[in-house]
Amino acid sequence: MNNFIGKKLDEFKVPVYHDGVFSEVTEKDLDGKWSVLFFYPGDFTFVCPTELEDLANHYEKFKEIGAEIYSVSTDSEFVHKAWKDKSEAIKKVEYPMISDRTFVLSNMLGVLIPEEGQALRGTFVINPDREIMAYEIHALGIGRDAKELLRKVEAAQFVYKNGDKVCPAAWHPGDDTLTPGIDLVGEI
């Protein structure tokens, strides 16, 4: 298994459905801002709409901290539109819905299940330099939590800005941080 921490995203161009329009997203769209690539197995399934709705319910908070959410599946952008038109949960989605039908992103980030043509549940927090600062990959049956993802993005932003400080477990903005050094060894 590859380690993706610090990896800079390669070039890509993928279709997207967003704000009622079909367009494209490239790696350049992620330059200079915080981004989350949120892979899920498929539209019109079971756990996936609960996750995307949870993200939609917290999307304003992500925008407030300057982070864009991109949901990603191997379904086409046309299927994304049909799902948004049909599902009450997905009607709440305001963030871009990427189609990775050529598996460019799924292969790049190691989440593709080749024999199924679907992605695992992978979440990638990407800094303004297009480098991965945090990621997690779940089995298909394990849903994720948008509040915990928000906390991880906030912690990544803090560490990015304050490279000499680190965030302890369960850290939230405003909590105490640590400055690594010999004086802390054995004292925590």
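Look up a bit, the structure's there.
One structure accompanies this document, and this report is about it. For clarity, every value in this text was computed on a predicted model and none was experimentally measured. (Residues numbered from 1 in each chain as written. Predicted model: local features only at pLDDT ≥ 70, side-chain atom pairs only at ≥ 80, totals over all residues. Heavy atoms only, no water.)

1. Notes on the nonpolar core
Residues L52, L55, F62, Y95 and L149 are the most contacted members of the largest nonpolar core, which totals 23 residues. Within the residue set of this core, elements represented by two or more residues are β3 (34-39), α1 (47-64), β4 (67-73) and α4 (146-161). Broken down by element, this core gets its largest block of residues, six residues, from α1. Ignoring sequence-local partners within four residues, the contact set of L149 consists of V36, F38, L55, F62, T123 and V125. Counting 20 residues, the second-largest nonpolar core is a separate cluster that includes V16, L37, L105 and F124. (Core = buried A, V, L, I, M, F, W, Y, C linked by side-chain atoms within 4.5 Å. Buried < 20%, exposed > 50% of the residue type's maximum accessible area, 1.4 Å probe, protein only. Helix = DSSP H or I, 4+ residues; strand = E, 2+ residues; numbered from the N terminus. Contact = heavy atoms within 4.5 Å.)

2. Concerning the sheet that holds strand β9 (residues 132-138)
Strands pair in a sheet through their backbones, by hydrogen bonds, and they do so in one of two ways: parallel or antiparallel. One open sheet accounts for seven strands, arranged β2-β1-β5-β4-β3-β8-β9; its pairing is mixed. Bordering the open sheet on either side are β2 (21-26) and β9, each of which pairs with just one other strand. Strand-to-strand twist across the sheet, computed as the mean angle between neighbouring axes with direction ignored, equals 25°. As defined by bridge partners, strand β8 (residues 121-126) adjoins β9 across six bridges and the pair is classed as antiparallel. (Pairing = 2+ DSSP bridges. Axes fitted to C-alpha atoms, helices over the stretch in contact; angles between N-to-C directions.)

3. Some remarks on the packing of aromatic side chains
Where two aromatic rings form a pair, the distance of their centres and the angle of their planes describe that pair. By the definition in use, this model includes eleven aromatic pairs. Geometrically, the ring pair formed by F44 and W83 is tilted, given 6.2 Å between the ring centres and 40° between the ring planes. Remark: W83 occurs in helix α2 (residues 77-86) and F44 occurs in the loop between β3 and α1; sequence separation between them is 39 residues. Residue W83 is classed as buried on the basis of its relative accessible area of 2%. Taking the centre distance of 5.3 Å and the plane angle of 45° together, the rings of F158 and W171 count as tilted. With F158 in helix α4 and W171 in the segment after α4, this residue pair connects regions lying 13 residues apart in the sequence. Taking the relative accessible area as the measure of exposure, W171 reaches 4% and is therefore buried. The structure contains a cluster of three or more aromatic residues connected by ring pairs, namely F4, F39, F124 and Y135. Positioned above the aromatic ring of F38 is the side chain of R144, whose terminal nitrogen or guanidinium carbon lies 3.7 Å from the ring centre. (Phe/Tyr/Trp six-rings, centres within 6.5 Å; stacked < 30°, edge-to-face > 60°. Lys NZ or Arg CZ within 6 Å of the ring centre and 35° of its normal.)

4. Quick look at the environment of M133
As for its position among the elements, M133 is in strand β9. Assessed through its relative accessible area of 25%, M133 is described here as partly exposed. Measuring from C-alpha to C-alpha, the distance between M133 and I5 comes to 5.5 Å, with 128 residues separating the pair along the chain. Beyond its immediate chain neighbours, meaning those up to four positions away, M133 contacts I5, W34, V125, N127, A156, V159 and Y160.

5. Topic: the side chain of S35
Here S35 is to be found in strand β3. Contacts of S35, omitting those with residues within four sequence positions, involve L30, E68, Y70, F124, V125 and I126.

Just distances and angles here, no functional claims.
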